[in-house]
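Residue-level listing of the chains:
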Amino acid sequence: DAGVTQSPTHLIKTRGQQVTLRCSPKSGHDTVSWYQQALGQGPQFIFQYYEEEERQRGNFPDRFSGHQFPNYSSELNVNALLLGDSALYLCASSGRGRGGTEAFFGQGTRLTVV
Amino acid sequence: KQEVTQIPAALSVPEGENLVLNCSFTDSAIYNLQWFRQDPGKGLTSLLLIQSSQREQTSGRLNASLDKSSGRSTLYIAASQPGDSATYLCAVKSGGSNYKLTFGKGTLLTVNP
């Protein structure tokens with residue numbers, strides 16, 4: 001079992017550019033959530049996808065958007081990058097839409113905006 | 001709005017010591033609580049999941065307890081080892097919003113040989 005996999009692991013972008021991060025969930029999982037973790041802080045919820053729909057969204061601007069594919073993998077897109085978007089972006093997957101299931105996280109993508 | 005607090009923010013102990021990490025949350029209507037470990041610059045590793053109906057969970061040298069009514073959880077680590085050095089994060093999934101996890105800022109643990 002490969003677990004949750006994210007790509008790329010590191011990324012450097014310039015202010016104003018756009019970025020796409022990718023996530024493949026753990027085998028058997030159908031729900032994908034994205035989190036942003038600034039240095040020294042706990043992860044903050046961005047949004048969650050289930051059945052290819054955005055099910056819930058955190059307090060993030062519309063510059064942050066996502067997509068879920070029929071194979072349950074997901075993308076996080078960030079437009080018009082700001083310096084403050086520099087963070088570790090974490091993807092989590094859980095199973096079959098039930099709220100009580102355990103969340104498993106990937107290794108994260110470190111985004112640096114210069 | 002659910003808020004999660006972890007105390008202490010940092011802890012340094014000698015190898016072999018037993019230790020307790022604390023987590024508190026403001027809204028007791030939770031679905032579950034999860035403890036994670038995070039190594040520097042890495043992702044999160046799930047350690048223990050406690051459902052709202054449970055009082056504790058154990059895995060090896062780790063034991064997590066949950067007191068939902070008082071909004072508290074503790075993670076007990078027995079016979080600590082240098083390899084336990086990491087940041088430990090507590091997260092709750094609230095009953096009113098049972099999709100997202102709300103995290104504390106974590107406890108940075110250093111176990112000295």
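Our structure's up above, just so we're on the same page.
All of these numbers come straight from a predicted model, not from anything done at the bench.

(A) Just the overall build of chain B, in detail. Along the backbone of chain B there are zero helices and eleven strands. Across chain B, helices and strands are ordered from the amino to the carboxyl terminus as β-β-β-β-β-β-β-β-β-β-β. Here the C-alpha radius of gyration of chain B, 13 Å, is about what a compact globule of 113 residues would show, namely 13 Å. Seen through its principal axes, chain B has C-alpha atoms that stretch 45 × 30 × 20 Å. Counted over contacts in chain B with a minimum sequence separation of 6, partners at least 24 positions apart contribute 55%. With an accessible surface of roughly 5200 Å², chain B has 48% of that area assigned to carbon and sulfur atoms.

(B) Layout of the sheet that holds strand E7 (residues 62-67) of chain B. All names here are of chain B. Taken in spatial order, the five strands of this open sheet run E1-E3-E8-E7-E6, and their pairing is antiparallel. Looking at the sheet topology across the chains shown, the edges are occupied by strand E1 (4-7) and strand E6 (56-59). Each adjacent strand pair in this sheet contributes to an overall mean axis angle of 15°, direction not counted. Here E6 runs beside E7; their pairing, made up of four bridges, is antiparallel.

Rules behind the numbers
Residues numbered from 1 in each chain as written. Chains lettered and ligands numbered in written order. Predicted model: local features only at pLDDT ≥ 70, side-chain atom pairs only at ≥ 80, totals over all residues. Heavy atoms only, no water. Helix = DSSP H or I, 4+ residues; strand = E, 2+ residues; numbered from the N terminus. Rg over C-alpha atoms; globule rule 2.2 N^0.38 Å. Contact = heavy atoms within 4.5 Å. Areas by Shrake-Rupley, 256 points an atom, 1.4 Å probe, with all protein chains shown as cover. Pairing = 2+ DSSP bridges. Axes fitted to C-alpha atoms, helices over the stretch in contact; angles between N-to-C directions.

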